[in-house]
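Listed below, chain by chain, are the residues.
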Amino acid sequence: MRSRLEQLQRRLEEVDAILSQPETANDMKQFRQLSRERSELEPVVTAFDSYVHTETALNDAKVLLSEPDMKAMALDEIDTCRRQLEALESDLQFLLLPKDPDDSRSVFLEIRAGTGGDESALFSGDLLRMYSRFAERRGWRVELMSESEAEVGGYKEVIVRIEGEGVYGRLKFESGAHRVQRVPETESQGRIHTSACTVAVMPEADEQSEVNIQSSDLRIDTYRASGAGGQHINKTDSAVRITHLPTGIVVECQDDRSQHRNKDKAMQVLAARIKDVQLREHQDKEAAQRKSLVGSGDRSERIRTYNFPQGRITDHRINLTLYKLQAMMEGDLDELTGTLIAEHQANQLAALADVV
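Quick summary incoming for the structure in this document. What you see is a predicted model, and the numbers here were worked out from it, not measured in a lab.

Within the protein one finds nine helices and eleven strands. Across the 356 residues of the protein, 38% fall into the buried class. Relative to all contacts within the protein whose residues are 6 or more apart in sequence, the contacts with residues 24 or more apart total 62%.

Next up, the structure:
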């Protein structure tokens, strides 16, 4: 680990030297890449510097042990340094964990009603509200991309874009089947019904560089939008349906009155879905080598149960149960998402230990 840290230390010096050159600012793409790399290197190198300084202090204290008058103070210093080194070593292990390059990205959040009929559609609306409130708490921006409303309320399917720093890193473990247990308002006998929705969290793709979409691979259809929207939206072919022929992925967008804007939105979602397929293929290969408790990305996997009568949420992947359902439905998800991230990091550390 030390040789890796020394290598990163040298790389930070190189990056600082390049950034200090006037001509670097003329190439904004390179400048942004180097600035991003520097922001990732700096906390690791700072922690390593602290580790080296503490090591030096420990060695100095050991030298003082030979002097009778300084022995007691030296023993205290040795004990303090050893505890500091242990804590710094733990910090450095986490800082050296492989970074997901998509963690900093904005996302497309897709919620689909599943089993349970009307109750499932209503729950999809509740989930959208939960994630929207969470985004609001963190200062993220939510933009509606596409929606298919259900007659009783809620959604058959809804897609939103959540924009902000680190959105995917915080929400990427939300993909999967979300099960709800509660008494529907229409249930006269007070029986608990079980229904489910599926959630997909897809990192936003840079379609120019990451996803190769050929125009010849697309079939684009326009049609008249249905539902609310006034006379204009019903008289013009503003809705857009894009089919990606190689994968069979279909994206529809009709929520804007402009056909051009609907097409732009649909292309953004299409690029994210194609990228998501590529990510899941990669994750499946990794899972074949080492089973991970979180982050499999399997949409059919039941990851969580929301039990309203008992006021609890249970995440089945990490056996975590929290009795704060109402607060969490209002967007208080930090404890849950933080625990999932910590579990993922623990898995990464275990994987590194197996390799070593």
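So, next bit.
With that settled, the discussion passes to helix H3 (residues 71-95). With 25 residues, H3 should reach 36 Å at 1.5 Å per residue; the first-to-last C-alpha distance of 35 Å fits that figure. When H3 is considered as a whole, its buried residues turn out to be Ala74, Ile78, Cys81, Leu85, Leu88 and Leu92.

Attention now goes to the sheet that holds strand E1 (residues 107-113). Taken together, eight strands build an open sheet; the order of strands is E2-E3-E1-E5-E4-E9-E10-E11 and the sheet is mixed. Pairing within the sheet leaves two strands with one partner each, and these edge strands are strand E2 (141-149) and strand E11 (320-322). Averaged over all pairs of adjacent strands, the angle between their axes in this sheet comes to 20°, without regard to strand direction. Both E1 and strand E5 (residues 193-203) contribute to a ladder of seven bridges, which runs antiparallel. Note on E5: the bridge partner recorded for Phe108 is Met202. Against the sheet, helix H4 (residues 118-137) engages E1, E2, strand E3 (155-163), strand E4 (176-182), E5 and strand E9 (302-307), with an angle of about 45° to E5.

Looking now at the packing of aromatic side chains. Overall, the coordinates contain two aromatic pairs when judged by the stated rule. Look at Phe123 and Tyr306: their rings are 5.2 Å apart centre to centre, the planes differ by 70°, and that puts the pair in the edge-to-face class. Highlighted residues: Phe123 in helix H4 and Tyr306 in strand E9, separated in sequence by 183 residues. Residue Phe123 is classed as buried on the basis of its relative accessible area of 0%.

Before going further, it helps to examine the pattern of salt bridges. What the rule picks out here adds up to 31 salt bridges. With its nearest N and O atoms 3.1 Å apart, the salt bridge here joins Lys172 to Asp100. Note that Lys172 is positioned in the loop between helix H5 (167-171) and E4 and Asp100 in the loop between H3 and E1, a separation of 72 residues in sequence. Assessed through its relative accessible area of 13%, Lys172 is described here as buried. When its relative accessible area of 26% is taken as the criterion, Asp100 is described as partly exposed. With a shortest N-O distance of 3.2 Å, Glu163 and Arg141 are connected by a salt bridge. Of this pair, Glu163 sits in strand E3 while Arg141 sits in strand E2, and the two are 22 residues apart along the sequence. Residue Arg141 is classed as partly exposed on the basis of its relative accessible area, which comes to 46%.

The next subject is the nonpolar core. Grouped together as the largest cluster of nonpolar side chains are 35 residues, with contacts concentrated most on Leu109, Ile111, Leu127, Tyr131, Ile162, Leu171 and Tyr306. Mapped onto this core, the elements with two or more residues apiece are E1, H4, E3, H5, E5, E11, helix H8 (325-329) and helix H9 (334-355). Ignoring anything within four residues of it in the chain, the contact list for Leu171 reads Tyr131, Phe134, Trp140, Ile162 and Val201. Ile159, Met202, Val251 and Ala271 belong to the second-largest nonpolar core, a separate cluster that totals 20 residues.

Mapped onto the elements, Ser195 comes out in strand E5. In contact with Ser195, other than residues within four places in its own chain, are Thr115, Gly116, Glu119, Ser120, His178, Arg179 and Val180.

Quick notes on the rules
- The numbering scheme is per chain: residues are counted from 1 as the chain's sequence reads.
- Residue-level local features of this predicted model are given only where pLDDT is at least 70; pairs of side-chain atoms are given and counted only at 80 or more, and the full residue set underlies all totals for whole chains, interfaces and linings.
- Computation of side-chain values: all heavy atoms of the structure, hydrogens and water removed.
- Helix and strand definitions here come from DSSP, where helices need a minimum of 4 consecutive H or I residues and strands a minimum of 2 consecutive E residues; each element is numbered from the N-terminal end.
- Classification of residues uses two cut-offs on accessible area relative to the type maximum, computed with a 1.4 Å probe and protein chains only: under 20% is buried, over 50% is exposed, and between them is partly exposed.
- Residue contacts are defined here by distance: any two heavy atoms, one from each residue, within 4.5 Å place the two residues in contact.
- Given a helix with a known number of residues, its expected span is that number minus one, times 1.5 Å.
- Two strands pair if DSSP finds at least two bridges between them.
- Lines fitted to the C-alpha atoms define the axes, with helices restricted to the stretch that makes contact. Angles between their N-to-C directions range from 0 to 180 degrees.
- Centres within 6.5 Å make a pair out of two Phe, Tyr or Trp rings, where for Trp the six-membered ring is used; the pair is then stacked when the planes are under 30 degrees apart, edge-to-face when over 60, and tilted otherwise.
- Each reported salt bridge corresponds to a side-chain nitrogen of Lys or Arg within 4 Å of a carboxyl oxygen of Asp or Glu.
- We define a nonpolar core as any set of buried Ala, Val, Leu, Ile, Met, Phe, Trp, Tyr and Cys residues linked to one another through side-chain atoms lying within 4.5 Å.

So yeah, pure geometry; function would need other evidence.
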